[in-house]
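Listed below are the residues making up each chain.
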Amino acid sequence: MSRTIPDIPSEPVHPKNWRPHPAKKMLMTPLMATVGAMMAFLTVVFMVVILPTTTFEPAPSDNWRPLNDLEMEGRNVFLANGCIYCHSGFTRPQDAYASQYYVYGRVSEPGDYEGDGETPNLFGTIRTGPDLSQSGGFHPDDWHYAHYTNARYTTPFSIMPSFSFLTPDEITALIAFTQSRGGKLADLRDAHQATMKMIEIASGDVAASGENGDRSDGYPAASAVKNMMLIERGYWFADNPLPVTQQNLVRGREVFQERCVGCHGSQGDGNGPAGFYMNPSPPGFDVADDQQHGSDTSPGAYYWRILRGVPGSAMENFGTRLSVDDIWKVVLFLKTIPNGGLTAEVPTPDMYIRWEGYPGLYDWANCFFPESMQPQIGDLWASAPANIGDVPGIVGEGEMNPVYAVTLWEINNNARPCGTAGFEQTTLPDILQEANGRSDGFALQGTDQTPFIPASMQHSDTLPPSLLPQVWDQTNPLAAPDSGNR
Ligand code: HEC
Ligand code: HEC
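Because the structure is predicted, anything quoted here is derived from the model rather than measured.

Caption draft 1: Region of interest: the coordination of the iron atom of ligand 2. Protein coordination at the iron atom of ligand 2 comes from His264 (NE2) and Met315 (SD), with a distance range of 2.0 to 2.1 Å. Angles of 86 to 179 degrees at the metal separate the 6 donor atoms of the iron atom of ligand 2, which places the site in the octahedral class. Here Met315 lies in the loop between helix H12 (299-308) and helix H13 (324-334) and His264 lies in helix H10 (residues 261-264), a separation of 51 residues in the sequence. Residue His264 is classed as buried on the basis of its relative accessible area of 10%.

Structure representation (C-alpha cells):
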C-alpha cells in the first residue's frame, strides 16, 4: 500500500485577491528601515512626551502662587539675558541643605511649576551660579540693585557679568521676579526683610536726630538696640576665642578684601561702590572709639552678624560661605582698621583694639538677663552660660516678634527701657505684653502680617536721598497679585 503524495504546488496558495508573497522581499529595504524607525521613535515620543503632558497634571503646591505682571516682565528680562545659562531653577534634595539657602531649604515639587509664569519652566541644567528657586527674600531689593548693576560691587570675586546696560525699569522687573522665586514662603521672607528695613531705618533716624544717640546719654541708641535684639544674647559681650596673632590678622585681612570691600570699602570706611545703592548703608570700621566702646561692636556681636547677616539690610549671612574660623579672624582684623590694619604692609597685634563697652550698656543689658547672670562692667564673656539667650526664636501666630517689639518700643518711647527716671523697671516680658496688646500696626507674626510700623513712626520726606522708593512702595507684599497670570 502506498500513499499518494499530493503535488506540492510550486507557488503557495493565497486567498483570493492577495498577491502572492514574494519570499525574498522580507529584506531590510530602506523603506522598511524608515517605517520601523519611525514606529520606535513615535512610541518613545508617546511615552515620554504625550502621555505625561496629557495625564500628569499635579495640583499647584501649597507654596505656589501666580506671577503678577511686573514679575512676568522680569521673567522675560531673565530669559532674554541668558541668566538660565548659569542659574538653575529647581532644588534637588542634595541641594536643599548645601546651598546658601540652607536656612530656607525646600526641595522643589512638581506643583511648584504651574501656570504661564512657569511655562516653559526655567529648570536649567547648569549651576555655575547658585540655584535660584528659593532666592526670593534672601537679599533685600537694595542688594539686588547693586548686584545686578555689577555683581562685583557686592561680591568682589564674582564671575557673574555686569548687567548695568539694563534700564532701571528692567532691573526693577528683574528684582520683582527674583523675589518671587520660592512662592509664598519667599513672600514671607520678603515681608520680614521689608519690616526689618523699615525698623532699621526708623531706628537709625532716631539716632541721627540726636535723640537717644549712641552713648550721648549713656545708653545704647535705638539702632544699636535693634542690632542687639537680633543677636543671640550669649554673644552680646562674648570675646574672640582666637588669639590676636599676626597670622590670624593676615588671614582676617584676606577675607575682608575678598568678601567685604565692595560694601564696607577698601579703606574700611563704609564707602564701597555698592554702598551707593544701599539703605541702611554699610558702616565703617575706622573709628577707634566705636571699636572700643560701641554698643554693638563687641567681638561676639560682630561674629553673629557676619554669621547670620542683618535682616532688612544688605549685610548678607556668610554662614555658608566662610568657616567659623575665618569669621572670627575677620572679626579680629576689623579691630585693627582704625590703627592702619588695611594700609600697613601687614596688620600687627599691637594695632588691635580691645572692646570694653561702657556702664550704661551693661545697665541696659541687665533688663534682658536673668538676675543671676547680670554681666559685670568690663567683663568680656569668653564663653556664654548655657541657659542664656531665652528670647523666643519662633513666635506664635498673632504674637509680636521681640526684635520688633523692643526696637519699636525704644523708638516710640525715645528712652531707655529700664532703670531710668520716669520709667519703671521695664523688662522684655513687659514690653512684649504691651506690644502684643496693641492694635495700631505693630508688626505681628502670622500670614496676614500687613501693617508694619505705626503711622506716628513712619518716615517723612526728610529721608536720605539714597532711599530706594521701590522698597517703600511694597506696602503689602503679601496681598494677592493684581493680575493672576495662570
Ligand atoms: C556667567 C554665569 C552667570 C550669569 C550669566 C548670570 N549669573 Fe547670576 N550669579 C553667578 C554667580 C557665579 C553667582 C554667585 C556670585 C555672586 O553673588 O555674584 C551669581 C549670583 C546671582 C544671584 C545671587 C544669589 C544669592 O542668593 O546670593 C542672583 C539673584 C543672580 N545671580 C541672578 C542672575 C540673573 C537675574 C542673571 C541674568 C540677568 C544672572 N544671574 C546671570 C553667575 C552668573
Ligand atoms: C552687600 C554689602 C555688604 C557686604 C558684602 C558685607 N557687608 Fe557688612 N554690612 C552691610 C550693611 C548694609 C551693614 C549695616 C547693617 C545695619 O544697618 O545694621 C553691614 C553691617 C556689618 C556689621 C555690623 C557693624 C555695625 O557696627 O553695625 C559687620 C560687623 C559687618 N557688616 C561685617 C562684614 C564683613 C566682615 C563682611 C565680609 C565678610 C561684610 N560685612 C560684607 C553690607 C555689607
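Caption draft 2: Expanded view of H13. Most of H13 sits out of view: 9 of its 11 residues are buried. The complete set of buried residues in H13 reads Asp326, Ile327, Trp328, Lys329, Val330, Val331, Leu332, Phe333 and Leu334. The inward-facing, buried residues of H13 abut helix H9 (246-259), helix H11 (288-293) and H12.

Caption draft 3: The arrangement of the nonpolar core in detail. Met228, Met229, Trp236, Phe237, Leu361, Trp364 and Val406 are the most contacted members of the largest nonpolar core, which totals 30 residues. Secondary-structure elements contributing two or more residues to this core are helix H7 (183-208), helix H8 (222-229), H12, helix H14 (359-366), helix H15 (402-413) and helix H16 (428-436). No other element matches H15, which puts 7 residues into this core. Summarising the domain contributions, this core has at least three residues from each of domain 2 (190-213 + 396-473) and domain 3 (238-356).

Caption draft 4: Local environment of the pattern of salt bridges. Tallying each qualifying case throughout the model produces 13 salt bridges. Of the charged contacts, one joins Asp239 and Arg354 as a salt bridge, the two residues approaching to 3.0 Å between their closest N and O atoms. Taken together, the residues span a long stretch of sequence, with Asp239 in the loop between H8 and H9 and Arg354 in the loop between H13 and H14 at a distance of 115 residues. A salt bridge links Glu316 to Arg321, with the shortest nitrogen-to-oxygen separation between them at 3.1 Å. The exposure class of Glu316 is buried, given its relative accessible area of 8%. Through salt bridges with shared partners, one network takes in Arg65, Glu71 and Asp187.

Caption draft 5: Focus on the packing of aromatic side chains. Under the defined criterion, the tally for this structure stands at 14 aromatic pairs. Ring plane angle 65 degrees and centroid distance 6.3 Å describe the contact between Trp236 and Phe237, whose orientation is recorded as edge-to-face. Classification of Trp236 by relative accessible area gives buried; the value is 0%. Following the ring pairs from residue to residue traces out a cluster consisting of Tyr235, Tyr303, Trp304 and Trp328. One residue, Arg127, lies across the ring of Phe90, its end atom 4.9 Å from the ring centre.

Caption draft 6: Summary view of the site of ligand 1. Taken together, 26 residues lie near ligand 1, and Cys83, Cys86, His87, Ser158 and Met160 sit nearest. One of the side-chain N or O atoms of His139 is found 2.9 Å from an oxygen atom in ligand 1. Note that an oxygen atom of ligand 1 is positioned 2.8 Å from one of the side-chain N or O atoms of His147. Residue assignment for the shell around ligand 1 shows that the elements contributing at least two residues are helix H4 (141-149) and helix H6 (168-180). For the shell around ligand 1, the leading source of residues is H4, giving 4 residues. Here the shell around ligand 1 is composed, by residue class, of 15 nonpolar, 11 polar and no charged.

Caption draft 7: Focus on the coordination of the iron atom of ligand 1. Protein coordination of the iron atom of ligand 1 is provided by His87 (NE2) and Met160 (SD), with donor distances spanning 1.9 to 2.1 Å. Geometry at the iron atom of ligand 1 is octahedral, judged from the 6 donor atoms that bind it and their angles of 87 to 178 degrees at the metal. With His87 in the loop between helix H2 (69-80) and helix H3 (93-96) and Met160 in the loop between helix H5 (151-154) and H6, this pair connects stretches of sequence that are 73 residues apart. A single burial state applies to His87 and to Met160, both of which are buried.

Caption draft 8: Molecular detail of the site of ligand 2. By nearness alone, 27 residues border ligand 2, and Glu200, Cys260, Cys263, His264 and Met315 come closest of all. Note that an oxygen atom of ligand 2 is positioned 3.2 Å from one of the side-chain N or O atoms of Lys226. Between ligand 2 and Asn227 there is a distance of 3.3 Å, counted from an oxygen atom to a side-chain nitrogen or oxygen. Residue assignment for the shell around ligand 2 shows that the elements contributing at least two residues are H8, H10, H12 and H13. Among the elements that take part in the shell around ligand 2, H12 stands out by supplying 3 residues, more than any other. Partitioning the shell around ligand 2 into residue classes produces 17 nonpolar, 5 polar and 5 charged.

About the cut-offs
- Residues numbered from 1 in each chain as written.
- Chains lettered and ligands numbered in written order.
- Predicted model: local features only at pLDDT ≥ 70, side-chain atom pairs only at ≥ 80, totals over all residues.
- Heavy atoms only, no water.
- Donors = N, O, S within 2.8 Å, 3.2 Å for Na, K, Ca; no water.
- Tetrahedral: all angles 85-135°; square planar, octahedral: opposite > 155°, others 65-115°.
- Helix = DSSP H or I, 4+ residues; strand = E, 2+ residues; numbered from the N terminus.
- Buried < 20%, exposed > 50% of the residue type's maximum accessible area, 1.4 Å probe, protein only.
- Contact = heavy atoms within 4.5 Å.
- Core = buried A, V, L, I, M, F, W, Y, C linked by side-chain atoms within 4.5 Å.
- Domains from an automatic or database assignment.
- Salt bridge = Lys/Arg side-chain N within 4 Å of Asp/Glu carboxyl O.
- Phe/Tyr/Trp six-rings, centres within 6.5 Å; stacked < 30°, edge-to-face > 60°.
- Lys NZ or Arg CZ within 6 Å of the ring centre and 35° of its normal.
- Near = heavy atom within 4 Å.
- Polar contact = N/O pair within 3.5 Å; in protein donor to acceptor, adjacent residues only side chain to side chain.
- Nonpolar A, V, L, I, M, F, W, Y, C, P; charged D, E, K, R; others polar.

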